[in-house]
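Tertiary structure, described
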Amino acid sequence: MYAAGRYLYTDAMTENSVFEMIAESDHIVVITGAGISTGAGIQDFRSPGGLYSTAVQRYGLPFPEAIFDLGYFLKNPEPFFRLSAEMLLKDIQPTACHRLLAQLEDTGKKVQIVTQNIDMLHEKAGSSEVVECHGSYRSGCCMDCRRKYSYARFSEPLLEGKIPRCSCGGVIKPDVVFFGESLPEEFLSLYENPPRPDLVIVMGTSLTVHPVAGFAVTMAKENRSILVNRDPTDYSEIFDNLFLGDLDEFAVQGEAQLLHLG
């Protein structure tokens, strides 16, 4: 059992040390994972009932990770685009977590977000400083001629469930990082030259996917830190404070507490 007083649970919301840490910090680095988007209806990947547990049957794959495997995509891009259309056609909206982080920025705090997510919901919520370490649909590239495309230029067929194609006939692959591809330079630069914030918040991630997990753990060890997650992780003990439970409940409570602490 965790030491009393150090950890914050959804049934012990009278403790406000977490929110005091946030209110007192002017520069915050937030590392987010799939857990902050599940409230918007987007499946995470690795939890029971997540995408990987249903992908083989749902998309006719030889193994779950094939949907993000570059070699498989080059042979059969249809499953990835089926997943993409389903995700984007839902007209998903930011969750309370996304909105809370944008509101923190609105108060004048410097909020740097490093996200594993490809759903673009941080920007949709209004956050301006976002590093998408696994890429996103914001841009794409023809797999044949390497011509670059903005999302607006290939979104129409994508949203219709079709494979977007370049004028040369090649498949336009969104700049989502697949297995076998390099991470974006923006994240690699941050990884090599980490910031020194007043506070690090890790939200909605099991801390199992590297190198982002390693970046988060290092940042948490070297700075004041908070973990906000549904379940404990292998690194829970390194954080100064911990919230376990529903992330959107945390965000709603956080908004009220931060307004009070104001």
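Not measured: the values here are computed from a predicted model. (Residues numbered from 1 in each chain as written. Predicted model: local features only at pLDDT ≥ 70, side-chain atom pairs only at ≥ 80, totals over all residues. Heavy atoms only, no water.)

1. Notes on the confidence of the model for the protein chain
Predicted confidence across the protein chain gives a mean pLDDT of 88, with 88% of residues reaching 70 or more. Here residues 1-14 is modelled with pLDDT under 50, and outside its nearest four sequence neighbours on either side it reaches 35 contacts, counting other chains as well. (pLDDT = per-residue confidence, 0-100. Contact = heavy atoms within 4.5 Å.)

2. Side note on the side chain of Ser 225
In this fold, Ser 225 is placed in strand β9 (residues 225-229). At a separation of 3.4 Å, a polar atom in the side chain of Ser 225 contacts the main-chain carbonyl oxygen of Ala 220. The contact partners of Ser 225, leaving out residues within four places of it in the chain, are Met 21, Leu 199, Val 200, Ala 220, Ile 238, Phe 239, Asp 240 and Asn 241. (Helix = DSSP H or I, 4+ residues; strand = E, 2+ residues; numbered from the N terminus. Polar contact = N/O pair within 3.5 Å; in protein donor to acceptor, adjacent residues only side chain to side chain.)

3. Quick word on helix α9 (residues 212-222)
Among all positions of α9, only Val 212, Ala 213, Phe 215, Ala 216, Val 217, Met 219 and Ala 220 are buried. Looking at the buried residues of α9, the elements they touch are β2 (27-32), β3 (110-115), α8 (185-192), β8 (199-203) and β9. (Buried < 20%, exposed > 50% of the residue type's maximum accessible area, 1.4 Å probe, protein only.)

4. Topic: the side chain of Lys 173
With respect to the helices and strands, Lys 173 occurs in strand β7 (residues 172-176). By relative accessible area, Lys 173 is classed as buried at 4%. A distance of 3.1 Å separates polar atoms of two side chains, one belonging to Lys 173 and the other to Glu 181. Among residues more than four places away in sequence, those in contact with Lys 173 are Leu 70, Phe 73, Gly 140, Cys 141, Met 143, Phe 178 and Glu 181.

5. Concerning the nonpolar core
Within the largest apolar cluster, 29 residues are counted, with the highest numbers of intra-cluster contacts made by Leu 61, Phe 68, Phe 80, Tyr 137, Val 176 and Phe 178. Of all elements in the fold, only α2 (51-59), α3 (70-75), α4 (78-89), β5 (135-142), α7 (151-159) and β7 reach the threshold of two or more residues within this core. A per-element tally of this core places α4 first, with five residues. Within the second largest apolar cluster, 25 residues are counted, among which are Leu 104, Ile 201, Met 203 and Phe 250. (Core = buried A, V, L, I, M, F, W, Y, C linked by side-chain atoms within 4.5 Å.)

6. Brief notes about the pairing of β8
Buried residues dominate β8, accounting for five of its five residues. What you see with β8 is no split at all: Leu 199, Ile 201 and Met 203 on one side and Val 200 and Val 202 on the other are buried throughout. By the bridge criterion, five bridges tie β2 to β8 in an arrangement that is parallel. Residue Ile 28 lies in a different strand from β8, and its bridge partner there is Leu 199. As defined by bridge partners, β8 adjoins β9 across four bridges and the pair is classed as parallel. If you follow Val 200 over to β9, its bridge partner there is Ser 225. Traced from β8 through α9 to β9, the parallel crossover comes out right-handed. (Pairing = 2+ DSSP bridges. Right-handed = clockwise from strand over helix to strand, strands pointing away.)

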